[in-house]
Amino acid sequence: MTKTTRSTSELPAYLSHELRNALACIQQFGSILVDGLAGELSGEQREYLGIMLENASKIRRVLDSALDGTDGSLEERTNKIERVPKLET
Amino acid sequence: MDSRKILIVDDNADIRLGMHLRLKANQYETFFAADAFSGVAEARKHRPDLIILDLGLPAGDGFTVMERLKQIPFLAVIPIIVVSARDGLGNQKRAHEAGARAFLQKPVNDAELLAVIRQALGEPAGTKKPTLYDQGSV
C-alpha cells in the first residue's frame, strides 16, 4: 500500500479521532459552565451556552453517523453502560 | 468518608482539567498522568480506586498501561474505564479483553461517565449531583 493510499484510507479514523477530542473539550467545559461550576450564569448566558452545546451534540451525531456508522442515539450509548459488568466483591 | 481516588490518564491537558472539575464537583479526588509510563507510576504512587484511561498516549498506549497494571497484584484489581476518541469497533472488544470495565467513546457526556464510575465503584445510583446539561435543562 502506498503512503498516499494509506493516508486516504486512514483519513476517516484520523478525522474522527481529532474531532472527537475537540468536541469532548467543548462539551466538557460547556457543561461545566452551564452547571455553574465556574460561577453562576445569567439566564441569557445559560440559554446561549445551551444553544452551543446542542449544536456540539449535532456535530457528534453527524460524526457517529458519517464516520463510525452508528446513530449515536441515547439508547445505543445507554446500552454500553448496561453492558458494564458489576464489580466482583 | 474519605473521597474515592480517581487517576485520569490522558495526554490532552484540557480533557484532564475538564474531568478534574467535574469529578471534584462530585466529591472525587483526582490524580493525573499524561503518558503511559506516568500512568503506571502514578497508579503505584496513589493506589487509586479507579482509573480513567485514554488509549492514544505517548510512551506506549492505554493497552500497554493495562498490561503493566495487570502484572502488579495490588494494581491489577483497580477498575479501569477506557475513555477514548478511537473508534469503538475493534477497540471496545480489545479493551474489555484487556480487563477494562467499560469503553466510552469521546465525547462522553458527564452523566454517562458518572454513571459508569458509580457502577464500577459499587456506589448506589443517585448519590452524586446530576448535571443540568445532561438533564436537558438547558
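Up top is the structure.
Residues numbered from 1 in each chain as written. Chains lettered and ligands numbered in written order. Predicted model: local features only at pLDDT ≥ 70, side-chain atom pairs only at ≥ 80, totals over all residues. Heavy atoms only, no water.

Regarding the environment of Arg16 of chain B
All names here are of chain B. Residue position: Arg16 is located in helix 1 (residues 13-25). The class for Arg16 is buried, based on a relative accessible area of 17%. Arg16 has contacts with Ile8, Asp10, Asp11, Phe32, Ala33 and Ala34, leaving out every residue within four places of it along the chain. (Helix = DSSP H or I, 4+ residues; strand = E, 2+ residues; numbered from the N terminus. Buried < 20%, exposed > 50% of the residue type's maximum accessible area, 1.4 Å probe, protein only. Contact = heavy atoms within 4.5 Å.)

As for the pattern of salt bridges
Enumeration over the complete set of coordinates arrives at nine salt bridges over all chains. Its salt-bridge partner being Asp110 of chain B, residue Arg22 of chain B comes within 3.2 Å of it at the nearest N-O pair. Placement of the pair is Arg22 of chain B in helix 1 and Asp110 of chain B in helix 6 (residues 110-121), with a sequence separation of 88 residues. For the residue pair Arg22 of chain B and Asp110 of chain B, the accessibility class agrees, reading buried in each case. Within this structure, Asp35 of chain A together with Arg22 and Asp110 of chain B form a network of salt bridges that share partners. (Salt bridge = Lys/Arg side-chain N within 4 Å of Asp/Glu carboxyl O.)

Here's the deal with the pairing of strand 1 (residues 4-9) of chain B
Residues and elements named next belong to chain B. Pairing of strand 1 with strand 2 (residues 28-33), which is carried by six bridges, proceeds in the parallel orientation. Along strand 2, the bridge assignment pairs Ile6 with Thr30. Handedness of the β-α-β unit built from strand 1, helix 1 and strand 2 comes out right-handed. Pairing between strand 1 and strand 3 (residues 50-53): four bridges, direction parallel. When the bridges of strand 3 are listed, Val9 appears paired with Leu53. (Pairing = 2+ DSSP bridges. Right-handed = clockwise from strand over helix to strand, strands pointing away.)

Thoughts on empty space enclosed by the protein
Unoccupied space between atoms shows up once a probe the size of one water molecule is rolled over them. Tallied over the entire structure, the rule returns one cavity of 30 Å³ or more. In terms of lining residues, the largest cavity is bounded by Ala24 and Gln28 of chain A together with Ile15, Met19, Val83, Lys106, Val108, Asp110 and Leu113 of chain B. Broken down by secondary-structure element, the contributors of at least two residues to the lining of the largest cavity are helix 1 (3-34) of chain A together with helix 1 and helix 6 of chain B. When the residues that make up the lining of the largest cavity are grouped by side-chain class, the tally is six nonpolar, one polar and two charged. (1 Å grid on protein atoms, 1.4 Å probe; cavity = no way out; pocket = protein on both sides within 12 Å on 5 of 7 lines; lining within 4 Å. Points joined across faces, edges and corners; volume = space filled by probe spheres on them. Nonpolar A, V, L, I, M, F, W, Y, C, P; charged D, E, K, R; others polar.)

A word on the environment of Asn21 of chain A
Within the secondary structure, Asn21 of chain A sits in helix 1. A relative accessible area of 12% places Asn21 of chain A in the buried class. Residues contacting Asn21 of chain A, with those up to four places away along its chain left out, are Ile15, Ala85 and Lys106 of chain B. A polar contact of 3.0 Å, which involves the side chain of Asn21 of chain A, links it to the side chain of Lys106 of chain B. (Polar contact = N/O pair within 3.5 Å; in protein donor to acceptor, adjacent residues only side chain to side chain.)

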